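Observations on the three-dimensional arrangement
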Amino acid sequence: MKYISTRGGMEPAPYSAILLEGLATDGGLVVPETLPRVTADEIESWRSFSYPELAAEVLSRFATDIPRDDLDRMCRDAYSSELFVTEEIVPLTPIDDEITLVGLSEGPTLAFKDMAMQFLGQALEYVLARSDRALNILGATSGDTGSAAEYALRGKDGIAVFMLSPQGRMSAFQRAQMYSLEDENIHNIAVAGVFDDCQNLVKSLSSDLEFKRAHHLGTVNSINLGRISAQIVYYFWAWLRASDGVPADERAGYEVSVTVPSGNFGNILSGHLAKTMGLPLRKLVLAANENNVLDHFFRTGVYAPRTAAETHATSSPSMDISKASNLERFVYDLVGCDSERLGEAWRELDETGRIDLTAELVRFEAEYGLRSGSSTHADRVATIRSVHERSGILIDPHTADGVKVAREYVEPGVPMLVLETAKPEKFPDIVFEATGVQLGIPEQLAGLLERAQRVTEMADDAGELRAFISAHAVHR
Ligand SMILES: *Cc1c(COP(=O)(O)O)cnc(C)c1O
């Protein structure tokens, strides 16, 4: 299996080579040359697999250049009960007769990013050791992604992490989670500025190709194909668990629908790929918050991204994105994997600020089963409250966006799964507003807030950041 660029300008490369890259060399996104297909019988033969066994099976279709024994070991280490609170790794929990939550937040940072990042941490360490290379990850975070990356890469050989965060802009919990890590290869840098300033610093250093090469700089952002491939696994897992109770002769082709709280279009893209591989998903529903650019796209066929300044700060902050970086992979698929047509569409987007894919729209619905919806703060509060009243279960605001939109697409006889993307303990304020329940820190993290913290404070200054990275980067 080889990987190519959506823009058509990259030599086909194996899985282990593309894991270390962000964008493809021609500025496009990396996609498989052909997506692996699986039959209903194959999927059925995976029913007794544990989560790590299933992960190795699914990922072996993508990572064809990594020996299966090594992949088995990486998946066991990534999805172990030492790192995940629940024995099953991904538990399914019905909240009523119609909707079931798929628990993707049982990992160390209480959000679904752990699912992909834990595997990527294993895979990067392995690939770097095999090629005798080092990697210095430079990133900016306002919370979730940075902590998931740090917990996945802590203590890994040949890797260091330089994570910029805006000084005074993160919650006490988020600060404690990141800054209490004592691993020598983790460097938290609190920048005097806002998140955009942090991101601009990352861009400024990453676009200096000489500095980038000399310091083996890389990223693990949401366009990383290792992350996308690892996310495909839990769609298969969710389908297998949802169909466990179905009589054996009715399982082939048994349909379930899935709703995905979405921001950068990474999670739901993995669902789209699982479906294309042969998983019988009926509807794949995108849930947005007030930043509803993608909802608008799926309803009208017109994609009109907004700027950072036009993006609302909402109570489901990890979905506050108005330019979804993974959408290019989906649009590539939509235009029939034709790089030239994709290039034309992107030129139109650059020139006019929008593209109209109405002609292709019919395929979203008919062939891909894609639907969408959006919600507001008031919807999230009402949804958290009603779920709690009916089931006693507390959900986080992102999952609430999902449940709200999922209800609009429930069909009789078709289970509706909603991906739980974070734990409510990460967002105690809105949970309290909705239910009056005061959530503390979960048991497994007791004492977190009291732990000593280690962070380097820095001015919003690229020169200072360069000097710091030069002094602390790992080399081989
Ligand atoms: C990252 C994130 C999302 C959005 O996922 P995408 O893959 O960017 O669409 C949703 N909810 C939570 C809690 C997240 O951390």
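Okay, so let's go over this structure. Just so you know, these numbers come straight off a predicted model, no measurement behind them.

Attention now moves to the packing of helix 12 (residues 293–300) against helix 15 (residues 358–366). Interaxial distance between helix 12 and helix 15 falls to 8 Å at its minimum, and their mutual angle equals 95 degrees. Relative to helix 15, the element helix 12 is oriented roughly perpendicular. Only Thr358, Leu361 and Phe364 of helix 15 make contact with helix 12, whose side of the interface consists of Phe297, Phe298, Arg299 and Thr300. Per-class residue counts for the contact of helix 12 with helix 15 are 4 nonpolar, 2 polar and 1 charged.

Burial analysis of strand 6 (residues 159–166) places 8 of its 8 residues in the buried class, the great majority of the element. The two faces of strand 6 match: Ile159, Val161, Met163 and Ser165 on one face and Ala160, Phe162, Leu164 and Pro166 on the other face are all buried. Here strand 5 (residues 135–140) runs beside strand 6; their pairing, made up of 6 bridges, is parallel. Residue pairing across strands places Leu138 opposite Phe162, the latter belonging to strand 6. Between the parallel elements strand 5 and strand 6, the chain passes through helix 6 (residues 144–153) in a crossover that is right-handed. As paired elements, strand 6 and strand 7 (residues 186–191) share 6 bridges and run parallel to each other.

In this structure the tally under the stated criterion is 26 salt bridges. Salt-bridge contacts for Asp96 lead to Arg407; the nearest nitrogen and oxygen are separated by 3.1 Å. Taken together, the residues Asp96 in the loop between strand 3 (92–94) and strand 4 (99–103) and Arg407 in helix 17 (residues 397–407) connect sequence positions 311 residues apart. When the shortest N-O distance is used, the salt bridge between Lys283 and Glu411 registers 3.2 Å. On the criterion of sequence distance, the pair formed by Lys283 in strand 10 (residues 281–288) and Glu411 in the loop between helix 17 and strand 14 (416–420) is long-range, its members being 128 residues apart.

Moving on: the packing of aromatic side chains. Considering all chains together, one arrives at 16 aromatic pairs under this definition. Both rings, one in Trp46 and one in Phe236, keep their centres 5.6 Å apart while their planes meet at 65 degrees; by these two values the pair is edge-to-face. You can see Trp46 sitting in the loop between helix 2 (40–44) and helix 3 (51–59) and its partner Phe236 sitting in helix 10 (residues 225–242), a full 190 residues away along the chain. By the burial criterion, Trp46 is buried, and Phe236 matches it. Judged by centre distance (5.7 Å) and plane angle (65 degrees), the rings of Phe298 and Phe330 are edge-to-face. One end of the pair, Phe298, is in helix 12; the other, Phe330, is in helix 13 (residues 327–334), and 32 residues separate them in sequence. In this structure an aromatic cluster arises from ring pairing among Phe265, Phe297, Phe298, Tyr303, Phe330, Phe364 and Tyr368. Over the aromatic face of Trp237 sits the side chain of Arg241, whose NZ or CZ is 4.5 Å from the ring centroid.

The rules behind these values
Residues numbered from 1 in each chain as written. Predicted model: local features only at pLDDT ≥ 70, side-chain atom pairs only at ≥ 80, totals over all residues. Heavy atoms only, no water. Axes fitted to C-alpha atoms, helices over the stretch in contact; angles between N-to-C directions. Helix = DSSP H or I, 4+ residues; strand = E, 2+ residues; numbered from the N terminus. Parallel < 35°, antiparallel > 145°, perpendicular 65-115°, else oblique. Contact = heavy atoms within 4.5 Å. Nonpolar A, V, L, I, M, F, W, Y, C, P; charged D, E, K, R; others polar. Buried < 20%, exposed > 50% of the residue type's maximum accessible area, 1.4 Å probe, protein only. Pairing = 2+ DSSP bridges. Right-handed = clockwise from strand over helix to strand, strands pointing away. Salt bridge = Lys/Arg side-chain N within 4 Å of Asp/Glu carboxyl O. Phe/Tyr/Trp six-rings, centres within 6.5 Å; stacked < 30°, edge-to-face > 60°. Lys NZ or Arg CZ within 6 Å of the ring centre and 35° of its normal.

Spatial relationships are all this shows, so hold off on functional conclusions.
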